[in-house]
Amino acid sequence: MRIFTAATLMIGLGAGAGHALDLKGPALAAASNFGQGFEVGMMSAALDLPVRDFRDAVYWREVEQGPGRFVFDTPRTMFPDLVGARGARMSLTVNNGHPAHDGGTTPLSPEAVRAFGHHAAQTALRFPAIRAVEVGNEFNSANFVTGPLEGDTLDARARAYAALLHAVAQQVRAVRPGVRIVGGGVHSIPTGYLSRLTALGAAADMDAIALHPYSTPIEHLARQIAVMRRDPALAGMPVEITEFGSQDPDAAPDVLVRAYCQMALSGVSRAVWYALNTRGDDYAPLVGPDLELTAAGRAYRFVQSEFAGQPVEDIAPDPFTYGCRFPGGVILWGMPRTLEPGEGVTARDATGKVLEGRSFRLGETAPLILTAGSGAVDYTLGPQEVLADSFHQFPYPEAGADSSDAAGFARFAVSPRGRAPFVTMPGQDRPGMPWTPYLGLSSDRSVRLLPESLLPGGGGTHQVGVEHVYVAPEAMEVDLTGWIDPPERSADGVVVTLALDGEEVGRWSVTDRLELDERALALPAGAELSIRVAPGETSTGDVTGYRFTLRRAG
C-alpha cells in the first residue's frame, strides 16, 4: 500500500524520468441536458446549489441551418449565455451528426468531419462560457455511433474518432486557443482501445482525457487509471471523469464521496456527476423534479464546500481501508472495524449530516467524514483482523510481473498442465473482452479474472480453473467467508474446491449462490490454503461473481 505524504504523484515515464501530477480535490461539475429541453427553474436550482460547471450539448442539427450558416436563437441553443451570466462555465460535448452531412450518421467523409469540427468551433466562439469541448460520448460503445461505423472494427472506430478529434482540436484552437480539448470520451477504462488512439497520435490533440468508469469498482479507480497511465502518451495526461453516478438514490451520496476521494488520489482534475436532473434512466439526480435538492445534491454541495480544489493525501493504513485527508477533513471507509474520533472531532455522513455518538464502525460502502473546524482531525481505528481479501487486494501487475506473488491471495489459472500465473491484460483490446484492465493469460483468452467476477475455461477433461492461494506466514487459525454466484445463463454451474496443502477439505457443485463460511481452519506455518473455481462439463456462461475473505479466527 502506497501512502502519499505530499500532494504530488509521480508518474513513471521510463528509467530516470517522471511526470508530477498535482493531487487535489477535482473540480465538481454536473451533467445537464438543457440542450435537449431547457427549464428555467432547473437551471436556477442548479446554480443555487451551487453548480458552477455544466457538461451539456448544443446540437449541431439545430444550429447549422445552411452550409456554414449558424443560428443560435432558441432556449435550447442559447442556454450557455445564461450559464455565463451567472458566473458559471460549461463544457460542450460534440458527438451527434447533422442531416446535411453523411446522412446524419457519425461523420466519416472528409467533408463531414471538417463540418463537425466547424460546428464545435462556431459554438465555442459564440459562447464565452464554454471552457472545454469534449469530443465524443462513449465512442467505444454501441450506443452513441450510427451509420457504417456502428458495426465496424475497433481499429476503424479508433481511426474515425481520431479524425473527428483532430478536426475539432484544429478548428477550436484556431478561434479560441484557451479552450480545453477533452478527448477519449470513453465508457469504462478501456486501456486496449485507448492504446489504439494513442498509436494514431490522438494524444497530441487532447488537453485532457475523459473517462466514464461505470464498470470500475470505486476502490479500483485509482489502480485502473494507473494502468492506463502505463501508456507513455497518457502518463501525464490530465484526466476528467465526465460521467459518474449511481442508480441507487440511497447509496448515491456514499458513491459520490468515495469516488471523489479516489479521483482525488488519481490526479483527476474534474469530476462530473451524472446527472443534474432526472433522465428516465434511474440515475440519481442532484435536483429532483420538485426542484429540491436530493440526498446526492446535498452530498455534492458538502463535498464542493469542504474538499474541492484542496490538496489531498492518501491515508489508507492498510489494503482493506481507504482514506483521504483534506484540509477540510478526513474521509474513511473499508472493512468493518471500530473508529473513535479524537477530542473535538465531529463525525458526519456523506451529506454532511452530523452523526451522534463517540464510537463508530467503518463500513465498506458508507464513508465516515471527520471534521474538526480549525483543529487537527485525530481518530483511533480498532484492530484489523482481515488477513487477505480477493477484492481489496486485487492486483494489476506491471509488465514483467504476474499474480503469483500478489499480497494476500496469489492467483493462478489451473489446468492439467499445472498452474499458470495471470498477467494484466488490456481492456477492450478486442471484441468480447472486458472494458477495463483485468487478469488473464496471453495463451488462453477464454480465462479471466476481475475484482468481482471470474471466468474459468475449458470443460470436461480439460478444465481451466481459477485458483486463489493463501500461504500462511506463521501457524494460525483462520475463518474463510465469502460467496460464489454463477449466473442463470451458466450451462451447468461451477465446481468449487477448498484444499489445504493439496488435500481437499470441501467441494461444492454450485448452480446458485453459495455462501462460504468455514471456521477455525488450522494452518501450519507455510501451509497453502486454496480455493479453486472450475467449470462443470462446460464453461459456457460461467462468468461467476465471487468474493473471498480470510480473517484470524476468534
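Being a predicted model, the structure only gives us computed values, none of them experimental.

1. Regarding the overall build of the protein chain
Across its full length, the protein chain carries nine helices and 35 strands. Here the C-alpha radius of gyration of the protein chain, 25 Å, is about what a compact globule of 554 residues would show, namely 24 Å. Each principal axis of the C-alpha distribution contributes one length, and for the protein chain these read about 75 × 60 × 50 Å. Evaluated residue by residue, the protein chain yields a buried proportion of 56% over its 554 residues. Counted over contacts in the protein chain with a minimum sequence separation of 6, partners at least 24 positions apart contribute 71%. When the 46 basic and 64 acidic side-chain charges of the protein chain are each reduced to a single mean position, those positions are 6 Å apart.

2. A closer look at the pattern of salt bridges
Per the stated rule, a full pass over the model turns up 26 salt bridges. Across the salt bridge formed by Arg89 and Asp53, the nearest N and O atoms sit 3.8 Å from each other. Within this pair, whereas Arg89 is found in strand β7 (residues 89–94), its partner Asp53 is found in strand β4 (residues 53–56), the two being separated by 36 residues in sequence. Here Arg89 falls in the partly exposed class, since its relative accessible area comes to 30%. Between Arg513 and Asp485 there is a salt bridge; the shortest N-O distance is 3.9 Å. Residue Arg513 is located in the loop between β32 (503–510) and β33 (514–523), and its partner Asp485 is located in strand β30 (residues 476–485); the two are separated by 28 residues in the primary sequence. On the basis of relative accessibility, which here comes to 28%, the residue Asp485 falls in the partly exposed class. Put simply, Asp53, Arg89, Arg180, Glu240 and Arg270 are held in one network by salt bridges that share partners.

3. So, the state of the cysteines
This structure, assessed with the given rule, holds one disulfide. Each disulfide pairs two cysteine sulfurs, and for Cys261 the partner residue is Cys324, the sulfurs being separated by 2.0 Å. Residues Cys261 and Cys324 share a disulfide whose torsion about the S-S bond is about 90°; that sign makes it right-handed. Of this pair, Cys261 sits in helix α8 (residues 252–265) while Cys324 sits in strand β14 (residues 321–326), placing them 63 residues apart in sequence. A single burial state applies to Cys261 and to Cys324, both of which are buried.

4. With respect to the sheet that holds strand β20 (residues 379–381)
Strand order in this open sheet of three strands is β18-β16-β20, and the pairing throughout is antiparallel. The open sheet has two edge strands with one neighbour each: β18 (360–361) and β20. As paired strands, strand β16 (residues 338–341) and β20 are joined by three bridges and run antiparallel to one another. Within β20, the position partnered with Pro341 by the bridge is Tyr379.

5. Describing the pairing of β16
Along β16, the buried face is formed by Leu339 and Pro341; none of Thr338 and Glu340, which line the opposite face, is buried. As judged from the two bridges shared by β16 and β18, these two strands associate in the antiparallel manner. Its bridge partner lying in β18, Leu339 is registered against Phe360.

6. A look at the packing of aromatic side chains
Overall, the coordinates contain 16 aromatic pairs when judged by the stated rule. We note Arg419 situated over the ring of Phe412; from NZ or CZ to the ring centre the distance is 5.0 Å. Its guanidinium or amino end placed over the ring of Trp483, Arg513 lies 4.3 Å from that ring's centre, counting from NZ or CZ.

7. What about the nonpolar core?
Counting 99 residues, the largest nonpolar core has Phe54, Val133, Leu211, Leu276 and Leu286 as the members making the most contacts within it. When residues in this core are grouped by element, the largest group, 11 residues, is from helix α5 (residues 154–175). Apart from residues lying up to four places away in sequence, Leu286 is in contact with Ala30, Leu49, Val51, Trp273, Ala275, Leu276, Glu292, Leu293, Thr294, Ala296, Gly297 and Tyr300.

8. Considerations on the environment of Val377
Positionally, Val377 belongs in the loop between β19 (368–371) and β20. With relative accessibility at 10%, the residue Val377 sits in the buried group. Put simply, Val377 and Val330 are 47 residues apart on the chain and 7.1 Å apart in space, counted from C-alpha to C-alpha. If we skip the residues at most four places from it in the chain, Val377 touches Arg325, Gly329, Val330, Val345, Leu370, Thr371 and Ala372.

9. A look at the environment of Gly363
Structurally, Gly363 is set in the loop between β18 and β19. Classification of Gly363 as buried rests on a relative accessible area of 19%. Note: C-alpha distance between Gly363 and Trp333 (30 residues apart in sequence) is 5.6 Å. Here Gly363 is in contact with Trp333 and Gly334, once residues within four sequence places are set aside.

Cut-offs applied
- In this numbering scheme, every chain counts its residues from 1 along its sequence in written order.
- In keeping with the model being predicted, local features are shown solely for residues with a pLDDT of at least 70 and side-chain atom pairs are shown and tallied solely at 80 or more, while totals for entire chains, interfaces and linings include all residues.
- Hydrogens and waters are ignored; side-chain quantities use all the structure's heavy atoms.
- Each helix is a run of H or I in the DSSP string that is no shorter than four residues. Each strand is a run of E no shorter than two, and both are numbered from the N terminus.
- The globule rule is 2.2 Å times the number of residues to the power 0.38, and the radius of gyration it is compared with is taken over C-alpha atoms.
- Throughout this description, buried means an accessible area under 20% of the type-specific maximum (1.4 Å probe, protein chains only), exposed means over 50%, and partly exposed covers the range between.
- By definition in these notes, contact holds between two residues if any of their heavy atoms fall within 4.5 Å.
- Note that His is not counted, nor are the chain ends; the positive residues are Lys and Arg, and the negative ones are Asp and Glu.
- Taken as the charge centre is NZ of Lys, CZ of Arg, CG of Asp or CD of Glu, depending on the residue.
- Salt-bridge detection follows one rule: a side-chain nitrogen of Lys or Arg within 4 Å of a carboxyl oxygen of Asp or Glu.
- The disulfide criterion used throughout: a pair of cysteine sulfur atoms within 2.5 Å.
- For two strands to be treated as a pair, DSSP must find no fewer than two bridges joining them.
- When the centres of two rings from Phe, Tyr and Trp lie within 6.5 Å, Trp using its six-membered ring, the rings pair. Their planes under 30 degrees apart give stacked, over 60 give edge-to-face, and anything left gives tilted.
- Counting as a charge over the ring demands two things of the Lys NZ or Arg CZ atom: a distance within 6 Å of the ring centre and an angle within 35 degrees of the ring normal.
- Nonpolar cores were defined as sets of buried Ala, Val, Leu, Ile, Met, Phe, Trp, Tyr and Cys residues, with membership established by side-chain atoms within 4.5 Å.

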